[in-house]
Amino acid sequence: KQWYQRRVRGDEFSFVFKRTSTLYGRRASKIISTVCSTFTSHYVFHWPIFCSQPLKYPPSFDGRVVLYPVEKDLRNYLSWRQADCHVNNLYNTCFWTLVQRGGLTTTEAEKRLNGSFSADKNEIMFTEFGLNYNDEPEVYRKGSTILWKQAEDEQTKRKRRVLEVRHCDIIGDLFWEERPDLIV
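As a starting point, this report considers the structure included with it. The shown structure was predicted, so the numbers you read here are calculated from the model rather than taken from an experiment.

So, on to the packing of aromatic side chains. For the structure on display, the rule yields 12 aromatic pairs. Judged by centre distance (6.1 Å) and plane angle (90°), the rings of Phe13 and Phe61 are edge-to-face. Separated by 48 residues along the polypeptide, Phe13 in strand 2 (residues 12-17) and Phe61 in the loop between helix 1 (28-50) and helix 2 (71-100) bring together distant segments of the chain. Consider the rings of Phe39 and Phe61, whose centres lie 4.9 Å apart with planes at 80°: the pair is edge-to-face. Pair noted here: Phe39 is in helix 1 and Phe61 is in the loop between helix 1 and helix 2, with a separation of 22 residues, a long-range link. What makes Phe61 partly exposed here is its relative accessible area of 24%. Grouping aromatic residues by their ring pairs yields a cluster made of Phe13, Phe15, Phe39, Tyr43, Trp47 and Phe61. In this arrangement the basic side chain of Arg81 is found over the ring face of Trp80, its NZ or CZ atom lying 4.2 Å from the centre. Stacked on the ring of Trp148, the Lys or Arg Arg161 has its end atom at 4.4 Å from the ring centre.

With that out of the way, let us pick up helix 1. Taking 1.5 Å of rise per residue, the 23 residues of helix 1 would be expected to cover 33 Å, and the 31 Å separating its terminal C-alpha atoms lies within 8% of that figure. Along helix 1, the residues that are buried comprise Ile31, Thr34, Val35, Cys36, Phe39 and Thr40. In this structure, the buried side of helix 1 is in contact with strand 2.

The subject of this paragraph is the nonpolar core. Counting 11 residues, the largest nonpolar core consists of Leu90, Cys94, Phe95, Leu98, Val99, Ala109, Leu113, Ile124, Met125, Phe129 and Tyr133. At the level of elements, helix 2, helix 3 (106-113) and helix 4 (118-129) are the ones that each hand at least two residues to this core. With five residues, the single largest contributor to this core is helix 2. If we skip the residues at most four places from it in the chain, Phe129 touches Thr97, Leu98, Arg101, Gly102 and Ile124.

This paragraph deals with the side chain of Arg179. As for its placement among the helices and strands, Arg179 is situated in the segment after helix 6 (173-177). Non-local contacts of Arg179, meaning those with residues more than four positions away in its chain, are made with Leu147 and Arg166.

A word on the packing of helix 2 against helix 4. Packed helices, taken two at a time, are described by their axes: the angle between them and the distance between them. At their nearest, the axes of helix 2 and helix 4 sit 10 Å apart, and the two run at 35° to each other. The way helix 2 lies across helix 4 gives a crossing that is left-handed. The residues of helix 4 that touch helix 2, namely those facing Leu90, Tyr91, Thr93, Cys94, Thr97 and Leu98, are Ser118, Lys121, Asn122, Ile124, Met125, Glu128 and Phe129. Residue composition of the contact of helix 2 with helix 4, grouped by class: seven nonpolar, four polar and two charged.

A few words on the packing of helix 2 against helix 3. Remark: helix 2 packs on helix 3, axes separated minimally by 9 Å, with the N-to-C direction vectors making an angle of 135°. Compared by their axis directions, helix 2 and helix 3 come out oblique. Helix 2 and helix 3 meet at a crossing whose hand is right-handed. In this structure, helix 2 contributes Tyr91, Cys94, Phe95, Trp96, Leu98 and Val99 to the contact, and helix 3 contributes Thr106, Ala109, Glu110, Arg112 and Leu113.

Scoring rules and cut-offs
- Residues numbered from 1 in each chain as written.
- Predicted model: local features only at pLDDT ≥ 70, side-chain atom pairs only at ≥ 80, totals over all residues.
- Heavy atoms only, no water.
- Phe/Tyr/Trp six-rings, centres within 6.5 Å; stacked < 30°, edge-to-face > 60°.
- Helix = DSSP H or I, 4+ residues; strand = E, 2+ residues; numbered from the N terminus.
- Buried < 20%, exposed > 50% of the residue type's maximum accessible area, 1.4 Å probe, protein only.
- Lys NZ or Arg CZ within 6 Å of the ring centre and 35° of its normal.
- Expected span 1.5 Å × (residues − 1).
- Contact = heavy atoms within 4.5 Å.
- Core = buried A, V, L, I, M, F, W, Y, C linked by side-chain atoms within 4.5 Å.
- Axes fitted to C-alpha atoms, helices over the stretch in contact; angles between N-to-C directions.
- Left-handed = near helix turned anticlockwise from the far one by under 90°.
- Nonpolar A, V, L, I, M, F, W, Y, C, P; charged D, E, K, R; others polar.
- Parallel < 35°, antiparallel > 145°, perpendicular 65-115°, else oblique.

And the structure:
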């Protein structure tokens, strides 16, 4: 396995490959076309596991390859994606609360939130609906980070790599201090 981390946020997935990866001779066009097609096929194949409603339309994903020259730039990018996850989810949570519990139309909710800041959205949800956004599950506020980790196979007792899904803060230092070899 050449990649070691991917970030999931709403409709965006970021795959991080090791600097030493030799996958497809590091040809960007081959990597992106293969990742997009493989990801899309897995997304459709596994859809029923995560959602009881059938897909109405076939999904498609675009992609791009970005090379970050130093680990600090990669970490800043991933932090930015997580912050964006939070901002978008806060908006959507407030928007749909206004529609579903507040009786506004989608147009009215959009107009009400136009130009609002995070503090405004938190205030609307708390004062009008008794909702504290900080009580929302971390999966929505932080997105998902999927990492490879070593685990012992219960039957064979051998070590093997398995995927671990985390919904945690990756902006602060703790995540990175606990995994010093993650982006080396």
